[in-house]
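Each chain, letter by letter, is given below.
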Amino acid sequence: MKRLPKLIIAGTIFAGAWGLNAALYTVVETQQALVVRLGAPVGTAGTPGLKVKVPLIDTVIYYDTRLLPLNPPSEQIILGDQKRIEVDTYTRFRIADPLRFYQSVRTVEQARAQLTQMVSSSLRRELGQVMLHSLLSEDRARIVGNIRKEVAFKARPLGIEVVEVGLHRADLPFETSQAIYDRMKSERQREAKELRAQGFEWAQEIQAKAERERTVNLSKAERPSR
Amino acid sequence: MGCGRYRGRRPDDQRLGLGPGSGAGSGLTVHRGGFRSGGKPDRGQGSQGGRVGGGRGCGRRGPRHPGLGGRGLGLIAGLAVLGWVLTGIYKVQPDEQGVVLRFGKWIDTTSPGLHYHLPYPIDMAIFPKVTQINQLQLGKAEGADQNGARQVSRNQMLTGDENLVEADCSVLWQVKDAGQFLFKAYDPEGMLKVAAESALREVIGRNPIQSALSDKRQQIAEQVKDALQHLLDTEEAGILVTQVQLQRIDPPSAVIDAFNDVQRARADQQRARNEAEAYANDIIPRARGEAGRITQEAEAYKTQILNLAEGDAKSFQSVYQSYTQSKDVTAWRLYLESMDAVLAKASKVIIDSSGKGVSGVLPYMPLAEGKDKPAAVPAPSAGGSR
């Protein structure tokens, strides 16, 4: 009987602690939180720190605020001049609106899948209109900028902000490498032949001039001698 | 566990939400509410969270078993609280920055030294290494062995004139802004790698192959550095690129011999020219010398002929002088000299045709003419002696 007040005190302390734990939650710097009450979203917590929620009823879903990468696998794309290239893209996106994000795609994996599709279709459309040599020039930035704008526009309803889309790699497919090697080889051979022939030409010229000079000198000397 | 009370929750990265790359890769260490090196050694236990009390309460079990007593309990509680409060002391190493989070919110950045923050779970500190220069290797890193053509094609890229080169480079970087590095980018090192490859390919794609191979390498390295820094700043990765070094730009190994042949052809060209010039330098002076010699010989011949002619003329003149003085003697003398000169070259036979000395001499028949000069024929002597 003497222990009962102690037990009550201990019990209240524990209940209080538990309650506090259930009502408070932290949002770390790299996260943002969405509070869902009984299945329906009620609010977002964008700034990090200590926040309050209703215990038991509210659940908190955390989303990353950081810039997330998307590195889809390589694709083969046909350009405007019918050349094929293998393209690796990369995308950097951020969850800008957790509410819309939760409503549309809910998880980051889903978001990635959808973004991959958007990027792929936009890429094919843009690149189908350009030539290879414009990709290999100053125009590359402009083309990539167009792709980014298109994808950003399509991703906004999902609550995603697409910060950057870039071409990681744009190369000719492996199968055509051999043809390129042959072309490079033949170009070099032509250059080498030209150089050697020119060297021969100079040599001939110098030799002939020298012999002419010699003959002239000798005949000049012979003339008065006769 | 004994009787020490375990307070607080053990922190972990899941809770903090820090993804890959925030642990081992960048040399980041997380202060979990305990002590770094230095500090008071006997309060709190470092990274175990707030295990408190040191088990001192266990030692007190003994004859006073019926209860710890109010005072004992209070003492334990007081020590626990003190230990907990003291877990807030932390030290920042000279090559680090301290980033302090309160309930996950970033409130402060501290410089190297000893500092205090409110104990866990209120505050937490992270220590990114900001002065360390890290190196990222592109190209060569993925396996040094030569097998597999697929391997090789990973670092092949197109140049501005649709040729292929293989390029390796290394990027030296450091953390520019700890806050951005930790909180704004997911896996900043992975993003750096992708951005670096992308920048390299873009810059190589803008230059023709000859400038990439020979004269513009330094410029290309600068351009890659600028492009990469620009990309990283757009992504707010908090990384500063200190240097980009191009280690190797070569044509693909299948065509490298053809490229080397062009170098050899240049050398051959130069050599042909040099040889021709050497030849020219040889024969022209020789010809000059020859010309000089001919001229000299002609001069000499001219002088010689003139002198000889003068000499002949002089000797004729002196003979004429004596001729005019005594014609007959000089004429006879000239005749004798001429006969002498003529007969000296002929073979001679002497025949006595007067008939006085010898009788019945056969005239000489020249059987061995021209060979030598027989002095006398034996037949006439034999006829003579009879």
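So, a few notes on the structure that sits alongside this text. (Residues numbered from 1 in each chain as written. Chains lettered and ligands numbered in written order. Predicted model: local features only at pLDDT ≥ 70, side-chain atom pairs only at ≥ 80, totals over all residues. Heavy atoms only, no water.)

**Quick word on the overall build of chain A**
We count it as follows: Here a helix means four or more residues in a row that DSSP labels H or I, a strand means two or more in a row labelled E, and each is numbered from the N terminus. Only protein chains enter the area calculation, which uses a 1.4 Å probe; residues under 20% of their type maximum are buried, those over 50% are exposed, and those in between are partly exposed. Should any heavy atoms of two residues lie within 4.5 Å, those residues are counted as being in contact. Computed with the Shrake-Rupley method and a 1.4 Å probe, the accessible areas treat only the protein chains shown as cover for residues.
Along the backbone of chain A there are six helices and nine strands. Going through the 226 residues of chain A one by one, you find that 42% of them count as buried. The long-range fraction of contacts in chain A, counting pairs at least 24 apart against all pairs at least 6 apart in sequence, stands at 67%. Taken as a whole, chain A presents about 12,600 Å² of accessible surface, with 57% of it coming from carbon and sulfur.

**Remarks on the nonpolar core**
Within soluble globular proteins, side chains that are nonpolar tend to cluster in buried spots. Put simply, the test is: Only buried residues count toward a nonpolar core, which is a set of Ala, Val, Leu, Ile, Met, Phe, Trp, Tyr and Cys residues joined through side-chain atoms within 4.5 Å.
Residues Ile85(A), Leu115(A), Leu127(A), Ile160(A), Val162(A), Leu200(B) and Leu228(B) are the most contacted members of the largest nonpolar core, which totals 86 residues. It is helix 5 (residues 188-206) of chain B that contributes the most residues to this core, eight residues altogether. In this view, Leu200(B) contacts Leu138(B), Met157(B), Ala167(B), Cys169(B), Val224(B) and Leu246(B); residues no more than four positions away in its chain are not counted.

**Focus on the interface of chain B and chain A**
Keep this limit in mind: Summed over both partners, the accessible area lost on bringing two parts together, with a 1.4 Å probe, is the buried area. For this document, the term salt bridge refers to a Lys or Arg side-chain nitrogen within 4 Å of an Asp or Glu carboxyl oxygen. We call two N or O atoms a polar contact when they sit within 3.5 Å, provided that within protein one can donate a hydrogen and the other can accept it, with sequence-adjacent residues counted only if both atoms are side-chain atoms. When residue character is reported, Ala, Val, Leu, Ile, Met, Phe, Trp, Tyr, Cys and Pro are called nonpolar, Asp, Glu, Lys and Arg charged, and the others, Gly included, polar.
The partner chain A presents 65 residues to the 70 residues of chain B that form the contact. Of the roughly 6,100 Å² buried between chain B and chain A on both sides combined, carbon and sulfur atoms contribute 60%. Of all residues in chain B, the largest losses of buried area upon contact with chain A belong to Phe103(B), Glu162(B) and Gln269(B), amounting jointly to 11% of the total for that side. Glu235(B) is the partner of Arg92(A) in a salt bridge, and the nearest nitrogen-oxygen pair spans 3.4 Å. One can count 15 residue pairs in polar contact (both at pLDDT 80 or more) joining chain B with chain A. If one sorts the elements of the side of chain B that touches chain A by residue count, helix 8 (residues 256-325) of chain B sits on top with 24 residues. Among the residues forming the side of chain B that touches chain A, the class breakdown is 34 nonpolar, 13 polar and 23 charged.

**Digging into the packing of helix 5 of chain B against helix 7 (residues 217-235) of chain B**
All names here are of chain B. Rules: Angles here are taken between N-to-C directions and fall from 0 to 180 degrees, while the axes themselves are lines fitted to C-alpha atoms, restricted in helices to the stretch in contact. Orientation is classified from the angle alone, with under 35 degrees giving roughly parallel, over 145 giving roughly antiparallel, 65 to 115 giving roughly perpendicular, and any other angle giving oblique. Definitions for this section: a left-handed crossing has its near helix turned counterclockwise from the far helix by less than a right angle. A right-handed crossing has that turn clockwise.
Taken N-terminus to C-terminus, the directions of helix 5 and helix 7 make an angle of 135°; their axes are 9 Å apart at the nearest point. The angle between helix 5 and helix 7 falls in the class oblique. Every pair of crossing elements has a handedness; the one defined by helix 5 and helix 7 is right-handed. Contacts from Met191, Leu192, Ala195, Ala196, Ser198, Ala199, Leu200, Val203 and Arg206 in helix 5 reach Ile220, Gln223, Val224, Ala227, Leu228, Leu231, Leu232 and Glu235 in helix 7. Split into classes, the residues belonging to the contact of helix 5 with helix 7 amount to 13 nonpolar, two polar and two charged.

**Quick look at the pattern of salt bridges**
Close approach of charged atoms allows side chains of opposite charge to pair. The full count for this structure, using the stated rule, is 35 salt bridges over all chains. Measuring nitrogen to oxygen at the nearest pair gives 3.7 Å for the salt bridge that ties Glu236(B) to Arg94(A). Highlighted residues: Glu236(B) in the loop between helix 7 and strand 12 (239-250) and Arg94(A) in strand 8 (residues 84-95), drawn from two different chains. The partner of Asp233(B) in a salt bridge is Lys176(B), with the nearest N and O atoms 3.2 Å apart. Pair noted here: Asp233(B) is in helix 7 and Lys176(B) is in the loop between strand 11 (164-175) and helix 4 (178-183), with a separation of 57 residues, a long-range link. On the accessibility criterion, Asp233(B) (40% relative accessible area) is partly exposed. Connected through salt bridges with shared partners, the residues Arg196(A), Asp257(B), Asp261(B), Arg264(B), Asp268(B) and Arg271(B) form a single ionic network.

**Considering the sheet that holds strand 3 (residues 40-45) of chain A**
Residues and elements named next belong to chain A. This is how the line gets drawn: A pair of strands is treated as paired once DSSP finds two or more bridges between them.
The strand order across the open sheet built from three strands is 3-2-5, with neighbouring strands paired in antiparallel fashion. The open sheet has two edge strands with one neighbour each: strand 3 and strand 5 (58-64). With direction set aside, neighbouring strand axes in the sheet form an average angle of 30°. Inspection of the sheet shows strand 2 (residues 31-37) paired to strand 3 by five bridges, in the antiparallel sense. Residue pairing for strand 3: leucine 34 is matched across the bridge by threonine 44.

**A closer look at the packing of aromatic side chains**
Rule in force here: Stacked, tilted and edge-to-face pairs are distinguished by plane angle, under 30 degrees for stacked and over 60 for edge-to-face with tilted covering the rest, among Phe, Tyr and Trp rings (Trp via its six-membered ring) whose centres lie within 6.5 Å. Two conditions define a charge sitting above a ring: the NZ of Lys or the CZ of Arg must be within 6 Å of the ring centre, and it must be within 35 degrees of the ring normal.
The tally for this structure, following the rule as stated, stands at six aromatic pairs over all chains. Ring geometry for Tyr63(A) versus Phe101(A): centroids 5.1 Å apart, planes at 80°, classification edge-to-face. With Tyr63(A) in strand 5 and Phe101(A) in helix 2 (residues 98-104), this residue pair connects regions lying 38 residues apart in the sequence. Considered together, Tyr63(A) and Phe101(A) belong to a single accessibility category, that of buried residues. Their ring planes at 50° and their centres at 5.5 Å tell us that Trp106(B) and Phe183(B) sit as a pair that is tilted. With Trp106(B) in strand 6 (residues 105-110) and Phe183(B) in helix 4, this pair connects stretches of sequence that are 77 residues apart. Over the face of the ring belonging to Tyr102(A) we find Arg106(A), whose NZ or CZ atom lies 4.3 Å from the ring centre. Sitting over the ring of Trp202(A), Arg273(B) keeps its end group 4.1 Å from the ring centre.

**Digging into the environment of Arg196(A)**
Assignment of secondary structure puts Arg196(A) in helix 6 (residues 177-225). Among all residues touching Arg196(A), those that are not within four sequence positions of it are Asp261(B), Arg264(B), Ala265(B) and Asp268(B).

**Observations concerning the environment of Arg293(B)**
Inspection of the secondary structure puts Arg293(B) in helix 8. In terms of polar contacts, Arg293(B) uses its side chain to reach the side chain of Glu290(B), at 2.8 Å.

**A short note on a nonpolar patch on the surface**
Keep this limit in mind: Distance thresholds for patches are 9 Å for like charges and 5 Å for nonpolar side chains (Val, Leu, Ile, Met, Phe, Trp, Tyr), applied to residues having over 30% relative accessible area and no salt bridge.
Side chains of Trp332(B), Tyr335(B), Leu336(B), Met339(B), Val342(B) and Leu343(B) sit close together on the surface and give an oily, nonpolar patch of about 570 Å² of accessible area. Along the polypeptide, Leu336(B) turns up in helix 9 (residues 327-343).

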